[in-house]
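What follows is the residue order along each chain.
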Amino acid sequence: MEPILRIKGISKSFPGVQALRNVSLDIFPAEVHGIVGANGAGKSTLMKVLSGVIQPDAGEIVWKGAQVRFPTPLAAQRQGIAIIHQEFSLVPTLSVAENIFLGRLAGKPWKVSWRELYDEASALLERVGAKVHPKTLVRQLRIADMQFVEIAKALSFRAEIVIMDEPSAVLSGPELQSLFRTIEHLTQSGVGVVYISHRLEEITDICERISVMRDGQVVETFPRAEANRERIIRGIAGADIQEMERRQESQGAREVVLDVVNLSLGHKLTNIRFSLRRGEILGLAGLVGSGRSEIARSLFGLEKNAVGEFMLNNRRIRFQQWSPRKAIQHGITMLPEDRKNEGLLLSHPMYMNVTMTRLPKVSRKGWMQFRREILAAENFVERLRIKAPSVHARPLTLSGGNQQKVVFGKCLFSEPQVLILDEPTRGVDIGARQEIYHIIRDLAAEGKSILLISSDWAELMPLCDRIIVIHEGKVKAEFHAHEADVEKIMQAALN
Amino acid sequence: MNATVNSAVRERMHVRFLLSDAGPLLALILLMAIGSMISPVFLSKGNLYNILSQIAVLGVGALGMTYVMISGFFDLSVGGVLSLAGVLVVGLQPSFGFTVALLAVVAMGVGIGCANGLLLRTIRGDFGASIMITFGVGTILAAVALLYSNGYSMTVQYSRFLSWLERGGVAGIPAVAVVLMICAAVLHVILRYTVLGRYMYLAGASARVALSSGVPVYTIRTIALCMSALMAVIGGLMETAQTASASPVAGVGYELDVVAAVAIGGTSLSGGWGSVVRTIVGVLLVGVLNNVLILVGLSTPEQMIAQGLIILVALITDRQRKSNLS
Ligand SMILES: Nc1ncnc2c1ncn2[C@@H]1O[C@H](COP(=O)(O)OP(=O)(O)OP(=O)(O)O)[C@@H](O)[C@H]1O
Ligand SMILES: [Mg+2]
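Residues numbered from 1 in each chain as written. Chains lettered and ligands numbered in written order. Predicted model: local features only at pLDDT ≥ 70, side-chain atom pairs only at ≥ 80, totals over all residues. Heavy atoms only, no water.

Caption draft 1: Seen up close, the overall build of chain A. Counting secondary structure elements, chain A contains 17 helices and 24 strands. In terms of overall size, chain A behaves like a compact globule, its C-alpha atoms giving a radius of gyration of 23 Å where 495 residues would be expected to give roughly 23 Å. When its C-alpha atoms are laid out on the principal axes, chain A stretches across 70 × 55 × 45 Å. Classification of the 495 residues of chain A by burial places 58% in the buried group. Carbon together with sulfur atoms contributes 48% to the accessible area of chain A, which is approximately 20,600 Å² in total. The averaged location of the 57 negative side-chain charges in chain A is 7 Å from the averaged location of its 65 positive side-chain charges. (Helix = DSSP H or I, 4+ residues; strand = E, 2+ residues; numbered from the N terminus. Rg over C-alpha atoms; globule rule 2.2 N^0.38 Å. Buried < 20%, exposed > 50% of the residue type's maximum accessible area, 1.4 Å probe, protein only. Areas by Shrake-Rupley, 256 points an atom, 1.4 Å probe, with all protein chains shown as cover. Lys, Arg positive; Asp, Glu negative; His and termini not counted. Charge placed at Lys NZ, Arg CZ, Asp CG, Glu CD.)

Caption draft 2: Summary view of the pairing of strand S10 (residues 192–196) of chain A. Residues and elements named next belong to chain A. For S10, the buried fraction is high: five of the five residues fall into the buried class. Here S10 shows a buried face lined by Gly-192, Val-194 and Ile-196 and a second buried face lined by Val-193 and Tyr-195. Where strand S3 (residues 32–37) lies against S10, four bridges are found, and the strand directions are parallel. Across the sheet, the residue bridging to His-33 is Val-194, located in S10. Sheet topology note: the strand S9 (residues 161–165)/S10 ladder contains five bridges and is parallel. Paired with Ile-161 across the two strands is Gly-192, which belongs to S10. (Pairing = 2+ DSSP bridges.)

Caption draft 3: Summary view of the site of ligand 1. Residue and element names in this part refer to chain A. Looking at ligand 1, there are 21 residues lining it, with Lys-43, Ser-44, Thr-45, Ser-399 and Gly-401 nearest. Within the contact set of ligand 1, an oxygen atom lies 3.5 Å away from a backbone nitrogen or oxygen of Gly-400. Surface burial for ligand 1 is 90%, taken as the share of its 640 Å² of free accessible area covered by protein chains. Listing elements by their share of the shell around ligand 1, those giving two or more residues are strand S2 (17–27), helix H1 (43–50) and helix H14 (400–413). The class makeup of the residues in the shell around ligand 1 is six nonpolar, 12 polar and three charged. (Near = heavy atom within 4 Å. Polar contact = N/O pair within 3.5 Å; in protein donor to acceptor, adjacent residues only side chain to side chain. Nonpolar A, V, L, I, M, F, W, Y, C, P; charged D, E, K, R; others polar.)

Caption draft 4: Structural view of the coordination of the magnesium ion (ligand 2). With distances of 1.9 to 2.1 Å, the protein atoms coordinating the magnesium ion (ligand 2) are Ser-44 of chain A (OG) and Gln-86 of chain A (OE1). Remark: Gln-86 of chain A occurs in the loop between strand S6 (81–84) and helix H3 (96–100) and Ser-44 of chain A occurs in helix H1; sequence separation between them is 42 residues. (Donors = N, O, S within 2.8 Å, 3.2 Å for Na, K, Ca; no water.)

Caption draft 5: Local environment of the interface of chain A and chain B. Counting residues at the interface gives 36 residues for chain A and 28 residues for chain B. For the chain A and chain B pair, buried surface summed over both sides reaches about 2,600 Å², with 61% attributable to carbon and sulfur atoms. There are two salt bridges connecting chain A and chain B. For Glu-342 of chain A, the salt bridge is made with Arg-208 of chain B, and the minimal N-O distance between the two is 3.4 Å. (Contact = heavy atoms within 4.5 Å. Buried area = accessible area lost by both parts, 1.4 Å probe. Salt bridge = Lys/Arg side-chain N within 4 Å of Asp/Glu carboxyl O.)

Caption draft 6: Layout of the packing of aromatic side chains. One pass over the full model with this rule turns up eight aromatic pairs over all chains. Residues Trp-114 of chain A and Tyr-118 of chain A carry aromatic rings whose centres are separated by 5.9 Å and whose planes lie at 25° to one another, so their mutual orientation is stacked. Highlighted residues: Trp-114 of chain A and Tyr-118 of chain A, both in helix H4 (residues 114–127), separated by four residues, approximately one helical turn. A residue is classified by how much of its surface remains accessible, and Tyr-118 of chain A, at 18% relative accessible area, is buried. Through a chain of ring-to-ring contacts, the aromatic side chains of Phe-310, Phe-319 and Trp-322 of chain A assemble into a single cluster. We note Arg-192 of chain B situated over the ring of Phe-370 of chain A; from NZ or CZ to the ring centre the distance is 5.3 Å. (Phe/Tyr/Trp six-rings, centres within 6.5 Å; stacked < 30°, edge-to-face > 60°. Lys NZ or Arg CZ within 6 Å of the ring centre and 35° of its normal.)

Caption draft 7: Layout of the side chain of His-198 of chain A. All names here are of chain A. Relative to the assigned elements, His-198 resides in the loop between S10 and helix H7 (200–206). In terms of polar contacts, His-198 uses its side chain to reach the side chain of Asn-39, at 3.4 Å. Within the structure, the side chain of His-198 is placed 3.3 Å from the backbone oxygen of Gly-427, a separation counted as a polar contact.

Caption draft 8: Representation of the packing of helix H7 (residues 160–167) of chain B against helix H11 (residues 217–243) of chain B in the model. Residues and elements named next belong to chain B. Where H7 meets H11, the axes come as close as 8 Å, and the angle between the chain directions of the two elements is 75°. The angle between H7 and H11 falls in the class roughly perpendicular. Between H7 and H11, the residues in contact are Leu-162, Leu-165 and Glu-166 and Leu-237, Met-238, Ala-241 and Gln-242, respectively. Considered class by class, the residues forming the contact of H7 with H11 number five nonpolar, one polar and one charged. (Axes fitted to C-alpha atoms, helices over the stretch in contact; angles between N-to-C directions. Parallel < 35°, antiparallel > 145°, perpendicular 65-115°, else oblique.)

Caption draft 9: Here's a closer look at the side chain of Thr-355 of chain A. The topology assignment puts Thr-355 of chain A in helix H12 (residues 350–355). Residue classification places Thr-355 of chain A among the buried positions, given a relative accessible area of 0%. One polar contact links Thr-355 of chain A to Glu-373 of chain A, side chain to side chain, over a distance of 2.7 Å. Setting aside residues up to four positions removed in sequence, Thr-355 of chain A forms contacts with Val-362, Glu-373 and Phe-413 of chain A together with Arg-198 of chain B.

Caption draft 10: Highlighting the pairing of strand S11 (residues 209–214) of chain A. Residues and elements named next belong to chain A. In the sheet, S3 pairs with S11 via five bridges, with the strands oriented parallel. Residue Ile-35 lies in a different strand from S11, and its bridge partner there is Ser-211. With six bridges joining them, S11 and strand S12 (residues 217–223) adopt antiparallel strand pairing. Looking at S12, one finds that Arg-209 is bridged to Pro-223.

Caption draft 11: Here's a closer look at a nonpolar patch on the surface. A contiguous nonpolar surface patch, about 560 Å² in accessible area, is contributed by Leu-30, Ile-34, Met-37, Ile-38, Val-296 and Leu-298 of chain B. Here Val-296 of chain B lies in the loop between helix H13 (276–295) and helix H14 (300–325). (Patch = residues over 30% accessible without salt bridge, like charges linked within 9 Å, V, L, I, M, F, W, Y side chains within 5 Å.)

Caption draft 12: Up close: the sheet that holds strand S21 (residues 418–422) of chain A. Residues and elements named next belong to chain A. Ordered in space as S18-S21-S22-S15-S23-S24, the six strands form an open sheet in which the pairing is mixed. Here the strands that pair on one side only, and so sit at the sheet edges, are strand S18 (332–335) and strand S24 (474–480). Recorded for the sheet is a direction-independent mean angle of 20° between the axes of neighbouring strands. Bridge count between S21 and strand S22 (residues 449–453): five bridges; the pairing is parallel. The residue of S22 that forms the bridge with Leu-421 is Leu-452.

Caption draft 13: Fine view of the nonpolar core. All names here are of chain A. Within the largest apolar cluster, 146 residues are counted, with the highest numbers of intra-cluster contacts made by Phe-408 and Ile-450. Apart from residues lying up to four places away in sequence, Phe-408 is in contact with Leu-335, Leu-384, Leu-421, Pro-424, Ile-436, Ile-439 and Ile-440. The next biggest cluster of nonpolar side chains, apart from the first, holds 55 residues, and it includes Val-36, Ile-84, Ala-97 and Leu-200. (Core = buried A, V, L, I, M, F, W, Y, C linked by side-chain atoms within 4.5 Å.)

Caption draft 14: Region of interest: unusual backbone geometry. Residue and element names in this part refer to chain A. Even without being a glycine, Arg-158 presents a positive backbone phi close to 50°. Inspection of the secondary structure puts Arg-158 in the loop between helix H5 (143–155) and S9. Residue classification places Arg-158 among the exposed positions, given a relative accessible area of 73%. A positive phi angle is found at Asn-314, which is not glycine, with a value near 65°. Along the chain, Asn-314 falls in the loop between strand S16 (307–312) and strand S17 (315–318). Owing to a relative accessible area of 68%, Asn-314 belongs among the exposed residues under this scheme.

Caption draft 15: Up close: helix H3 (residues 45–70) of chain B. Residues and elements named next belong to chain B. Helix length check: H3, at 26 residues, gives a terminal C-alpha distance of 35 Å against a target of 38 Å (1.5 Å per residue), a fit within 8%. The largest bend in H3 amounts to roughly 45° and is located at Ala-56. Buried residues dominate H3, accounting for 19 of its 26 residues. A positive phi of about 100° marks Gly-72, the residue just after H3. (Expected span 1.5 Å × (residues − 1). Bend = angle between axes of the 7 residues up to and from the residue.)

Caption draft 16: Highlighting the sheet that holds S9 of chain A. Residues and elements named next belong to chain A. Strand order in the open sheet formed by six strands is S6-S9-S10-S3-S11-S12, and the pairing between neighbours is mixed. Lying at the two open borders of the sheet, with one neighbouring strand each, are S6 and S12. Taken over all neighbouring pairs, the strand axes of this sheet differ in orientation by 20° on average, direction set aside. One ladder, built from four bridges, connects S6 with S9; its direction is parallel. Across the sheet, Ile-83 pairs through a bridge with Ile-163, a residue of S9. Each of S3, S6, S9, S10 and S11 touches H1; the most contacted strand, S3, lies at about 135° to it. Each of S3, S11 and S12 is contacted by helix H8 (residues 229–237), which is oriented at about 30° to S11, the strand it contacts most.

Dropping the structure here:
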């Protein structure tokens, strides 16, 4: 079969970084082509070149045998290339349906035919397995639902190639299954899919061919038959990676640090109670919309309507009077799920982002100590292996996984006693993941308590002491880590 | 070959960045060069003295507005504050003495800033809300100034401080400009070197991110609004001293002149970026432009057209700088 898309010798550089060097790649119709690589390897950049978002410095794109240029994303869409970006591009103040058909609303120029619009949107949403109403504003959606809207939007172009840049980073269990079903439908109807992910199980499960990128180059491409975890990891990292082992039985009973007596939030959470001990890593599992993130946000004072109370170091605290500022002052910090809107100042230098949670640490009597600030930020860049030209770089110019590491660094900087992590490894590559796991464990060993939310259930089990499963806003089940497995969690999460 | 293409691209970006970033300063230098060529009077001591005393009122207001805009708000009450400060200080002086009158208007300034801030905090207001709330407050203040003075200008009894403001000076620099420079230095140091200053930038860059990082966003913005009202009070005192009378309509249109000067200097309208130095450049640019236009004999409407054009250019380059960055 002829490749539908050929990429030949593409190079692209940004100030101070060579993001792509001489990349060549063939994409065939009806195949799922997996692309893996460390954070900053150039995956997203390559996809942006293919979809007309950025222009390459050199090289050519051959589409169905003819050389083409995509000066704008629209040009690529017209040819039949749709992309789901790693960073969402939805308009928060518009409805789901309007976002899907942005710029292509059905009807006449002077009159939108809303009925048609909503019907088509519903059909698309159903096809991708999303449970969102087309009239909902995107602002009100959860991250995972936004992901489905992005997928529906890409499908609406009736493209011949769909590029998915880390679509699964925020999905788990049944949501993941519906993503895979969507991909299967696509390939059955002859559409080629380019699939980027840091979860290697998925890659070996669904991709027919796999390309590995490292430092801006495609280092190898091989069929699934030749793929195995070790080979892929070696390709990504250029070396073997020691993967984490399951946590040993935790060390005796320690005192309770955080005790949620009761927590309710509208119809999203009812009577949640659980406790967190010193030095404990507690996992929160559940489906999208089960209320995991709401629990985290309530504990951090971000949910204004949360009612109930909790004990923090034996002090009674009411949720209504809680705020992020008070939380941080009392030693609770949260890593938010939505890094773009709540985590990072995308166009301010990285060091400002890192230190903002606790400026007193880099100031004296109200005066900033810039040297200390830069050193502190550089320390994190090194520790978390953030790939950036310097601490003055703006997060906007970093790759997705590296942005995530900056958010993680920012939370660590406040030296919390209780650390709430909502998807801490979202989009982080396999090597850096191990690094983050180690840091989390070290923190626990130092006596810090950690509440961990992850849609990657396979990472909860080795990391946590205990896992509680949330279902429709209630605590459904509780497991000790050594007795938990994905099956059990899935069962409890589904009902 | 690739490498050379890249470095050329980088070079060009660098030049473009420099142009838009240092644009206001370059424009100022250019304007001064033109001024000195067109008119021999331009660089004379007397004319420079004039420029400095004419920009002072605008300048102090712009300093305060810089804080408000960096922290993500707008303050349209400064015109009202300026008018009211003028008539109050003149009105209170006969019965209570100048010092008490001065303290009273300073307290009023801080009070108005706090009121603006508290109102906005209560409604969890955003940028748009700050425009409406401070506009409302400013309108009320302007009305109070009219009521207090019965609509007439009030004649000043010069105290020592006011007459120093009017014709005093240090080393040939007019007193009002000295005050402006002191304010600028203090505000610059706070903004650039203190935790408070950093908080201003963080609050303006993204209120949501700042709030969830423990930054007391509304407190910071309230401080900025107080700063701005205080600066408008100082502006009111200068204006009163310079015109020998306190007019209840002295501040009409002041707020927009101030915003324009800040924006011309290159401080971002959307918050999170900017500096006192930029604002001073913006104020000088406005001042020198008006002066040059007068020297070549243009009339007020033509000055207004020129000023309008500059504002447009400033905003367009601001937008371009942003798109260059991303
Ligand atoms: N707009 C930009 N300006 C400057 N540098 C950039 C820009 N976009 C990307 N880069 C740099 O290009 C390199 C490749 O980034 P890219 O986003 O392609 O990585 P990635 O493989 O998608 O990583 P991740 O797995 O973290 O998403 C990184 O070093 C990044 O910092
Ligand atoms: Mg990426």
